[in-house]
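Each chain is listed here by its residues.
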Amino acid sequence: MTDIIDRLEFFLADRGIYMLALILFAVGIYGMIACGNYMKKIMCMNIMQVSIIFFFLTFGQKEGGTLPIALENIFSAEAYINPVPHALMLTAIVVSLGTTGVGLALLMKIKDIYGTIEEEEITGKGGK
Amino acid sequence: MKKSNSNKKLAAGLIAIIILVGASALKIGSFLPVIGAQDTPANSYLSEYYISHAVEDTASHNIVTAVLADYRGFDTLFETCVLFLSGITAVMILSTKKKISHDKTIRTINDNSEHIFSSNIMDAAFRIVVPIILIYGIYVLIHGEISLGGGFQAGALLACAYLLDRIIPSFQMRVKHITDEIALITAGTGALFYVITGILPMLNGGNFLEFNKLPFGSGAGDIAGLHSTGILMIEIGVTLCVMGIIITILEVVLERTDFDD
């Protein structure tokens, strides 16, 4: 029994955080498929994007590293965490903002034409 | 009744598929690096070069900004353009929908719920926060290459200040209402400013976005000054674009929303 607990603790300390990213991703995908409301679909898409960003940021971590702001006279790579995932994910966050904005605009258009944003009612009506 | 039954079946199937995919991903995922290890592939080659050469190459102490605005400046330019395009798309999709007038919007907000943040005291407190956020946004913008900061964050902060001022109903004087057209023009100006920053070195015989050849500063040897100027100009462009697009998306949705629904 203690063996299992030890291995579990080892796993959680080593790669446990990937589990969290995976769970977030699964929640997002499940919601995007199963939710009938388009607003909820957009929110689930955001959750999925956050999980991807989270996954990338975990790659940048280093034990004993500090923020990627260069201090005086310390130029060794061990002293700082990896700046590349941060730079990439900064732009990913901005793009997720753009997709959410366009999604909201489309949602208002759908509400105008069909009078609802529930998927069941829209497919039941079958157009205008 | 039958419909909800089939929905439950669908949900069960989906959960089963997701668990299967997750389990296989975990099985395969044992090759993923241990969190915090120093010698993983992601932490080895490129990142080492950036960390050890960023200050010398770009005179930017914030390595993330050095990567974003200097080494990968071309990438960030198109990132800004993608954001600008998303704003244009949102405006185009909703351009045929009729605007609801500003005064009526405020009145309907007041009719539906008296206070946005649940009480009068909270509303007043959030209005006090607005100027502080503005000052902090400017600070973040001009500290882009010195310490923590950057254009994207500064744009989000400035837009957040405007957003708070916009959605909290008030009978006093407020910041002048910005229409979505003006916000979109602001964003376009930001993107244009970025491109002009890229073209300026070309007038002096350099490449696109080569800050060493910017036509001002104290001579060609002044790498630190020229790179700081170039990065700051890029940050200003990005800030304008992000701020404009966030305000555009907010306004284009808010101006056309009927709160009676």
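Residues numbered from 1 in each chain as written. Chains lettered and ligands numbered in written order. Predicted model: local features only at pLDDT ≥ 70, side-chain atom pairs only at ≥ 80, totals over all residues. Heavy atoms only, no water.

Colleague: I'd like a description of the overall build of chain B, backed by residues and values.
Modeller: Assigned secondary structure in chain B consists of nine helices and zero strands. Along its sequence from the N terminus, chain B presents helices and strands in the succession α-α-α-α-α-α-α-α-α. When the 261 residues of chain B are sorted by exposure, 42% land in the buried category. A sequence separation of at least 24 residues applies to 67% of the contacts in chain B between residues at least 6 apart. A total accessible area of about 13,700 Å² is found for chain B, and carbon and sulfur atoms account for 70% of it. (Helix = DSSP H or I, 4+ residues; strand = E, 2+ residues; numbered from the N terminus. Buried < 20%, exposed > 50% of the residue type's maximum accessible area, 1.4 Å probe, protein only. Contact = heavy atoms within 4.5 Å. Areas by Shrake-Rupley, 256 points an atom, 1.4 Å probe, with all protein chains shown as cover.)

Colleague: So, the overall build of chain A: which residues are in play, and what are the values?
Modeller: Looking only at helices and strands, chain A features four helices and zero strands. Carbon and sulfur atoms make up 70% of the accessible area of chain A, which amounts to about 7,200 Å² in all.

Colleague: Give me the lowdown on the interface of chain A and chain B, citing residues and values where you can.
Modeller: Quoted interface sizes are often the accessible area lost when the parts come together. With 51 residues of chain A in contact, the opposing surface of chain B contributes 54 residues. When chain A packs against chain B, close to 4,700 Å² is buried across both sides, 74% of that on carbon and sulfur atoms. Inspection of the region where chain A meets chain B yields zero salt bridges. Linking chain A with chain B are six residue pairs in polar contact (both at pLDDT 80 or more). Breaking the side of chain A that touches chain B down by element, the ones donating at least two residues are helix H1 (2-34), helix H2 (38-59) and helix H3 (83-114) of chain A. For the side of chain A that touches chain B, the element with the most residues is H3(A), which contributes 20 residues. Residue composition of the side of chain A that touches chain B, by class: 32 nonpolar, nine polar and ten charged. (Buried area = accessible area lost by both parts, 1.4 Å probe. Salt bridge = Lys/Arg side-chain N within 4 Å of Asp/Glu carboxyl O. Polar contact = N/O pair within 3.5 Å; in protein donor to acceptor, adjacent residues only side chain to side chain. Nonpolar A, V, L, I, M, F, W, Y, C, P; charged D, E, K, R; others polar.)

Colleague: Summarise the packing of aromatic side chains; cite the residues concerned and give the values.
Modeller: Residues and elements named next belong to chain B. Evaluated as defined, the whole model comprises ten aromatic pairs over all chains. Taking 5.3 Å as the distance between ring centres and 80° as the angle between the ring planes, the aromatic pair formed by Phe74 and Phe78 counts as edge-to-face. Of this pair, Phe74 and Phe78 are both found in helix H4 (residues 73-94), four residues apart, which corresponds to roughly one turn of the helix. On the accessibility criterion, Phe78 (46% relative accessible area) is partly exposed. Seen from their ring centres, Tyr136 and Tyr139 are 6.0 Å apart, and the 25° between their planes marks the pair as stacked. (Phe/Tyr/Trp six-rings, centres within 6.5 Å; stacked < 30°, edge-to-face > 60°.)

Colleague: Can you break down unusual backbone geometry residue by residue, with the values?
Modeller: Residues and elements named next belong to chain B. Phi angles above zero are rare outside glycine, and Ala59 is one such case at about 60°. If you trace the backbone, Ala59 turns up in the loop between helix H2 (45-58) and helix H3 (63-71). Although it is not a glycine, Leu209 adopts a positive phi angle of roughly 65°. As for its position among the elements, Leu209 is in the loop between helix H8 (180-203) and helix H9 (223-254). For Leu209, a relative accessible area of 10% corresponds to the buried category.

Colleague: Help me get a handle on the packing of H3(A) against H3(B), residues and values and all.
Modeller: Relative to each other, H3(A) and H3(B) sit at 55°, their axes nearing to 9 Å. Judged on the interaxial angle alone, H3(B) and H3(A) are oblique. The two elements H3(A) and H3(B) meet at a crossing, and its hand is right-handed. Of the residues in H3(B), those touching H3(A) at A:Pro83, A:His86, A:Ala87, A:Leu90 and A:Thr91 are B:Ile63, B:Val64, B:Val67 and B:Leu68. Considering only residue class, the contact of H3(A) with H3(B) consists of seven nonpolar, two polar and no charged. (Axes fitted to C-alpha atoms, helices over the stretch in contact; angles between N-to-C directions. Parallel < 35°, antiparallel > 145°, perpendicular 65-115°, else oblique. Left-handed = near helix turned anticlockwise from the far one by under 90°.)

Colleague: How would you explain H8(B) if you had to name every residue and give the values?
Modeller: Residue and element names in this part refer to chain B. Compared with an ideal rise of 1.5 Å per residue, which puts 24 residues at 34 Å, H8 spans 35 Å between its outermost C-alpha atoms and is within 8% of the ideal. Among the residues making up H8, those that are buried are Asp180, Ala183, Leu184, Ala187, Gly188, Gly190, Ala191, Tyr194, Thr197, Gly198, Leu200 and Pro201. Following H8 by one or two positions, Gly205 has its phi on the positive side, about 90°. (Expected span 1.5 Å × (residues − 1).)

Colleague: Go over a nonpolar patch on the surface, please, and point to the residues and values.
Modeller: All names here are of chain A. Judged by side-chain polarity, Met1, Ile4 and Ile5 come together as a nonpolar surface patch covering roughly 360 Å² of accessible area. Tracing the sequence through the fold places Ile5 in helix H1. Note on Ile5: relative accessible area 42%, which makes it partly exposed. (Patch = residues over 30% accessible without salt bridge, like charges linked within 9 Å, V, L, I, M, F, W, Y side chains within 5 Å.)

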